Amino acid sequence: METLSTIAALRSVVGDERRVCRSVGLVPTMGAFHDGHLSLMRRAKDENDVAVVTLFVNPTQFNDPEDFKKYPRDASRDNALAKDAGVDIIFTPDPAEMYRPGYDTTVTAGAIAERLEGRSRPGHFAGVATVVAKLLNIVQADRAYFGEKDWQQLQVIKRITADLDIPTEIRSHPTVREADGLAMSSRNVRLSTEERRAATVVSSALLSVKTMADAGTTDATGLAAALNQAIAREPLARIDYAVVVDPSTMADIITIDGGAIAAVAVYFGSVRLIDNMRLR
Ligand code: AMP
């Protein structure tokens with residue numbers, strides 16, 4: 001596995017691969033790897049000749065400076081895990097490499113980026129959309145892989161790649177969970193033992209609403225109320241939002257007639273967790 005930290009070096013190495021017609025799969029990450037990240041990497045390697053991982057804790061997508069400061073970082077562990085997963089190239093730029101003096105351009109995704117996470121974390125999706133657009137332009141991969149765990153982020157990325165005619169195909173990957181249902185997240189390590197136990201309420205509440213929808217309930221408002229009630233039964237949970245919305249635009253819906261997604265953001269202490277499940 002090659003470790004590169006400049007855009008020029010990455011472009012040169014990926015360019016050499018493309019010239020000999022080798023396909024390239026990209027997995028953008030912020031590190032602190034868990035099985036969710038590793039399953040994206042293994043898939044990128046399975047479906048492409050060359051797997052490129054980017055590891056960049058992007059300062060512009062953190063609306064809370066404390067969250068940025070506390071974001072877990074462990075480069076040597078991450079390098080070893082990526083290598084084991086079959087990654088060929090890992091790109092670890094400094095912020096100064098990604099945002100050069102005079103940098104002054106932002107990509108924003110419109111209405112979809114203003115809902116849910118966008119409302120709770122102002123500026124977050126502008127940071128995400130801008131850095132992902134830059135990474136897609138830098139790597140020029142055939143395919144890029146994103147987790148359904150960050151469902152709204154996935155929709156934002158699909159929106160910007162379609163709207164800006166970015167030729168990389170966006171592929172999504174199902175959420176990888178712990179044995180008790182908790183969605184894997186780099187932030188889980190910050191939960192206390194009590195909070196970690198309590199956090200299972202998130203996936204169990206989502207699952208109970210999914211079961212209701214599968215059984216034929218189409219009243220989105222009623223499902224959202226049931227979701228809120230199920231989470232609120234856990235005293236350590238503080239709900240930011242718990243909603244049932246359109247799966248592409250994240251807009252409110254009253255009744256499920258096509259698909260829907262149940263999406264939540266819940267605090268346990270100072271740790272904010274997000275999760276979602278498709279309802280059909
Ligand atoms: P992050 O490092 O948190 O920015 O995540 C990098 C990529 O991994 C994003 O596309 C995430 O959606 C994806 N990801 C994070 N957690 C999971 C998970 N539990 N299952 C599947 N994909 C995930």
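Heads up: the structure comes first, above all this text.
An account of the accompanying structure is given in this report. Just so it is clear, the structure is predicted and the values come from calculations on it, not from any experiment.

This brings us to the overall build of the chain. For the chain, the helix and strand inventory stands at 11 helices and 9 strands. With the C-alpha coordinates aligned to their principal axes, the bounding extent of the chain is approximately 55 × 40 × 40 Å. Considering the chain as a whole, with its 280 residues, one finds that 51% of them fall into the buried category. For the chain, the share of sequence-separated contacts (at least 6 apart) that also reach a separation of at least 24 residues comes to 73%. Carbon and sulfur atoms form 50% of the exposed surface of the chain, whose accessible area is close to 12,700 Å².

With 47 residues, the main nonpolar core has Leu10, Val52, Ile89, Met98 and Val139 as its most contacted residues. Considering every element that reaches this core, the biggest residue donor is helix α7 (residues 124-139), with 10 residues. Apart from the residues within four sequence positions on either side, Val139 is in contact with Leu10, Val14, Val24, Leu26 and Val52. Residues Ala199, Leu227, Val264 and Val271 belong to the second largest nonpolar core, which totals 29 residues.

Spatially, β7-β8-β9 is the arrangement adopted by the 3 strands of the open sheet, whose pairing is antiparallel. Each end of this open sheet is capped by a strand with a single partner; those strands are β7 (237-245) and β9 (271-279). Strand-to-strand, the axes of this sheet are offset by a mean angle of 10°, without reference to chain direction. Bridge count between strand β8 (residues 260-268) and β9: 9 bridges; the pairing is antiparallel.

Reading guide: rules and limits
- Residues numbered from 1 in each chain as written.
- Predicted model: local features only at pLDDT ≥ 70, side-chain atom pairs only at ≥ 80, totals over all residues.
- Heavy atoms only, no water.
- Helix = DSSP H or I, 4+ residues; strand = E, 2+ residues; numbered from the N terminus.
- Buried < 20%, exposed > 50% of the residue type's maximum accessible area, 1.4 Å probe, protein only.
- Contact = heavy atoms within 4.5 Å.
- Areas by Shrake-Rupley, 256 points an atom, 1.4 Å probe, with all protein chains shown as cover.
- Core = buried A, V, L, I, M, F, W, Y, C linked by side-chain atoms within 4.5 Å.
- Pairing = 2+ DSSP bridges.
- Axes fitted to C-alpha atoms, helices over the stretch in contact; angles between N-to-C directions.

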